[in-house]
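# A closer look at the structure
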Amino acid sequence: MNVIEASGLGKRYGGTWALRECSLTIPAGHVAALVGPNGAGKTTLLNLAVGLMAPSAGSVTVLGGLPAGSLAALDGIAFVAQDTPLYKNLSVADMLHLTRNLNRRFDDRYVKGRLDDLGIPLPRKAARLSGGQQAQLALSLALARRPRLLVLDEPVAMLDPIARHDFMATVLTAAADDGVSVLLSSHVLAELERVADYLVLLSHGRVQVAGDVDDLLACHRVVTGPTAQADRYSEGLNVVHARRGEAQVHFLVRTNGSADPVPQGWEAHPVGLEELALAYLREPGAAALPGPARGDDAQLSAAMR
Amino acid sequence: MSALAMPARPEQNASVRPLPWRRMIWVTWRQHRFPLTGVAVLLGGLAVYVWLVGRQLHHAYALASACHPAGSPVCSVLASSFQSMDVQLSNGFVWQPLPALIGAFIGAPLLARELETGTFRYAWTQGFGRRRWTLAKLVLLATTVTAAAAAFSVLLSWYYQPYFTAGNQGRFLTALSPLASGLFDLRGVVFAAWTLAAFAIGALAGVLIRRVVPAIVATLVAYAGLALAAATFLRQHYLTALITKNVDVPGTALVLSQWWTKGSQFAFGRAPITLLQRICPPPPPKAGPGNFSKSDFVGQCLSRHGYTQLTSYQPASRFWSFQLIEGSWLLALSLLLIGVTIWLVHRRTA
């Protein structure tokens, strides 16, 4: 089952496309990271997926073909928006009661246990919780709904390092123990390596990279060699990004999985997720989209240059 | 953490049954209890006040209207004590802002606060569903404020009852028209209907403007414009006005205009001074015992010269027809605005 399936998805504000020709499939059972610079369309894509927005073009379905925003889709998706909006004048207990009333499932025991562990008192007003506690409360409410897909928009952007760590630990526990699929957006790349096993890279409103992290890492490598030979060697390579120094040049290369031997004087290294993401972000023209190309992907691959 | 069954349960891919509406009662109350309590306290306090002053007014009226013979010195004292009572309330204008305030402070923040603080991203992604959430809140709050206004308006109807009683004029007591602007919209169904309309205007302003304070201001302005337009231009045309040659139009009728004709031709609205000086010179200064005013004199003089005064008016007996007409269009307008609000929420892009 795919938790998200977008085809030709686009969203336009006035004359500008915030998201364009987005075709994307995220299989269930992953912690998927949606990465991209500010203004790349991450929030737009998430809002379309949870049904807060209607697309200007194309379509998006969730949880195996449910229309985004339908009652069935809302029932299975929990969304924590950016800055974790809560009713500031309500107490924590009221927020629990509110969420219980608005949903089919609500695991009271789970959420009370978690808030107890976090030291968040039930009678306290949401406005008087710290930023980290507010984020944890919003996350706990979302998980208490027992969703099949948890969508988080920049969940840790406003948190200090400890709160950030605790928050992500909760997310990963839910993913590992309960099999909740997770889709989270972030522009903080450093977190990803530890967290994500599926990467979607958005840039300028288009999907640039999408795939299983292990597959992506397996079919990319960094090749380093003398700058003087760079042009001759790079001709036969699928270079995503080149970083030239005076003596040495670093190519991030797409290899299609085969570990071809490198010429003398050159070295090949495996690539890290952060490095891979950075390389693609610096080269908006490059793209790495999943294998058995569907109709929509072929178009995008053509734009690969 | 208890395990979540990952394989899709049979119900999950089918369309799910919507959650029961009654769940929104608690949600709505918990989120709007402060403004609702505010309205309850305001109306409750005013109701106590109206009841207290109303009892005195009714008492004074009972004494004055039972006094016999009307016009005797004792009765004049009783009449004037009734006349002078609560004069600041008697035109009804003091209650006019009430529907607007209730509507603006309950209706405008309803969606504007969610949009302003971003909590709509929470509310509209819960399992209850965005459109059903909006519909439930609008219906619950609209019903509540309308019912509260209707209850208050029953009290106001009771308070103003003495002024509309037939026969007041004969006893030299104030006779007001139940159709008069300021009074018409306090009684019957219309007070509640205006409150509902203000609420609906507020809800729509909230979703359009997306900020609480500007939405409240816009609601008050829009409401004032609509209420003024209805009172000034609209209400008098609900039914074709009656025209009479009788000079003594009952005091409970709403007089729209008066004019003079001569030989079935329109002569003038108000007699030109030059004409009056020529044919009806001012009466000798030693005017009689006071119940012979100047306008009566002019009227009688003009009649003697072949002029006829015509008066167009709406009789007080049309009160309920007018109530139903105004109530109906306000209800239709409110439903339209609420429908537009729900449609906007449905297609609103975050």
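With that settled, consider the overall build of chain B. Regarding its fold elements, chain B presents 12 helices and 4 strands. Its C-alpha radius of gyration of 28 Å places chain B more than 25% over the 20 Å reference for a compact globule of 350 residues. Taking the principal axes of the C-alpha coordinates as reference, chain B spans close to 105 × 45 × 30 Å. Across chain B, every contact between residues at least 6 apart in sequence was considered, and the portion connecting residues at least 24 apart equals 82%.

Moving on to the confidence of the model for chain A. All names here are of chain A. For chain A, the average pLDDT comes to 88, and 94% of its residues sit at 70 or higher. Mean pLDDT across the secondary structure elements of chain A bottoms out at helix α11 (residues 295-302), with 40, and peaks at helix α3 (residues 92-101), with 97. Within the model, the stretch residues 291-305 combines pLDDT values under 50 with 15 contacts to residues more than four positions away or in other chains.

What follows deals with the interface of chain B and chain A. Listed per partner, the contact involves 42 residues of chain B and 42 residues of chain A. Approximately 3,900 Å² of surface area, both sides summed, lies buried where chain B meets chain A, with 59% of it carried by carbon and sulfur atoms. If you look at where chain B meets chain A, you find 2 salt bridges. A:D94 is the partner of B:R33 in a salt bridge, and the nearest nitrogen-oxygen pair spans 3.7 Å. The interface formed by chain B and chain A includes 15 residue pairs in polar contact (both at pLDDT 80 or more). Secondary-structure elements contributing two or more residues to the side of chain B that touches chain A are α1 (10-13), α2 (23-66), α5 (97-117), α6 (120-123) and α7 (130-164) of chain B. For the side of chain B that touches chain A, the leading source of residues is α2(B), giving 7 residues. Looking at the side of chain B that touches chain A residue by residue, the class counts come to 19 nonpolar, 12 polar and 11 charged.

What follows deals with the state of the cysteines. Structurally, a disulfide amounts to a covalent bond that connects the sulfur atoms of two cysteines. On inspection of all chains with the given rule, the structure shows 1 disulfide over all chains. Unpaired in this structure, A:C22 has its nearest cysteine sulfur neighbour in A:C219, at a distance of 20 Å.

What follows is about the packing of aromatic side chains. Aromatic ring pairs are defined here through the distance separating the ring centres and the angle between the ring planes. Going through the model one piece at a time under the given rule, you end up with 19 aromatic pairs over all chains. Aromatic pair A:F251 and A:W266: ring centres 6.1 Å apart, planes at 5 degrees, arrangement stacked. Of the two residues, A:F251 sits in strand β13 (residues 248-254) while A:W266 sits in the loop between β13 and β14 (267-270), which places them 15 residues apart along the sequence. On the basis of relative accessibility, which here comes to 2%, the residue A:F251 falls in the buried class. Aromatic pair B:Y238 and B:F322: ring centres 5.4 Å apart, planes at 65 degrees, arrangement edge-to-face. Of the two residues, B:Y238 sits in the loop between α9 (212-234) and β1 (242-244) while B:F322 sits in helix α12 (residues 319-347), which places them 84 residues apart along the sequence. Among the aromatic residues, those joined into a cluster by ring pairs are B:Y61, B:F82, B:Y159, B:Y160 and B:Y163. Sitting above the plane of the B:W51 ring, B:R55 keeps its charged end 4.8 Å from the centroid. Over the ring of B:F319 we find B:R187; its NZ or CZ atom is 4.7 Å from the centre of that ring.

Residues and elements named next belong to chain B. By the assigned domains, chain B splits into domain 1 (35-241 + 317-347) and domain 2 (242-283 + 292-316). Together domain 1 and domain 2 conceal approximately 1,100 Å² of surface at their shared face, both sides included; 58% is due to carbon and sulfur atoms. At the boundary of domain 1 with domain 2, the tally comes to 0 salt bridges.

Another point: the sheet that holds strand β9 (residues 198-203) of chain A. All names here are of chain A. Strand order across the open sheet formed by 6 strands is β6-β7-β8-β3-β9-β10, with mixed pairing between neighbours. Two strands bound the open sheet, and with one partner strand each, they are β6 (77-80) and β10 (206-212). Ignoring which end each strand starts from, the neighbouring axes of this sheet average 15 degrees apart. Bridge analysis of strand β7 (residues 149-153) against strand β8 (residues 181-186) gives 5 bridges, and the strand direction is parallel. If you follow V151 over to β8, its bridge partner there is L183. Running over the sheet, helix α1 (residues 42-50) touches β3 (31-35), β6, β7, β8 and β9 and is turned about 150 degrees from β7.

So, on to the domain arrangement of chain A. All names here are of chain A. Taken domain by domain, chain A consists of domain 1 (2-204) and domain 2 (214-304). Relative placement of domain 1 and domain 2: their C-alpha centres are 32 Å apart. Opposite the 17 residues of domain 1 that make contact, domain 2 presents 14 residues. Between domain 1 and domain 2 lies a buried interface of about 1,200 Å² when both sides are counted; carbon and sulfur atoms form 67% of it. Among the residues of domain 1 in contact with domain 2, L189, E193 and L199 are the three that bury the most area, contributing 39% of the side total. In this structure, the connection of domain 1 to domain 2 is made through 0 salt bridges. Listed by contribution, the elements that provide at least two residues to the side of domain 1 that touches domain 2 are β1 (2-13), β2 (16-27), α7 (192-195) and β9.

For the rest of this paragraph, the subject is the environment of B:I243. Residues and elements named next belong to chain B. By secondary structure assignment, the location of I243 is in strand β1. Residues I243 and Y313 lie 70 residues apart in sequence; the distance between their C-alpha atoms is 6.4 Å. Not counting residues up to four positions away in its chain, the partners in contact with I243 are W259, L310, T311 and S312.

Residues and elements named next belong to chain B. Taking 1.5 Å of rise per residue, 21 residues should cover 30 Å, and α5 covers 28 Å from first to last C-alpha, within 8% of that figure. At P109, α5 shows its largest kink, close to 40 degrees. Counting buried residues along α5, 15 of its 21 residues qualify, which places the element largely inside the surrounding structure.

Calculation rules
- Residues numbered from 1 in each chain as written.
- Chains lettered and ligands numbered in written order.
- Predicted model: local features only at pLDDT ≥ 70, side-chain atom pairs only at ≥ 80, totals over all residues.
- Heavy atoms only, no water.
- Helix = DSSP H or I, 4+ residues; strand = E, 2+ residues; numbered from the N terminus.
- Rg over C-alpha atoms; globule rule 2.2 N^0.38 Å.
- Contact = heavy atoms within 4.5 Å.
- pLDDT = per-residue confidence, 0-100.
- Buried area = accessible area lost by both parts, 1.4 Å probe.
- Salt bridge = Lys/Arg side-chain N within 4 Å of Asp/Glu carboxyl O.
- Polar contact = N/O pair within 3.5 Å; in protein donor to acceptor, adjacent residues only side chain to side chain.
- Nonpolar A, V, L, I, M, F, W, Y, C, P; charged D, E, K, R; others polar.
- Disulfide = S-S within 2.5 Å.
- Phe/Tyr/Trp six-rings, centres within 6.5 Å; stacked < 30°, edge-to-face > 60°.
- Buried < 20%, exposed > 50% of the residue type's maximum accessible area, 1.4 Å probe, protein only.
- Lys NZ or Arg CZ within 6 Å of the ring centre and 35° of its normal.
- Domains from an automatic or database assignment.
- Pairing = 2+ DSSP bridges.
- Axes fitted to C-alpha atoms, helices over the stretch in contact; angles between N-to-C directions.
- Expected span 1.5 Å × (residues − 1).
- Bend = angle between axes of the 7 residues up to and from the residue.

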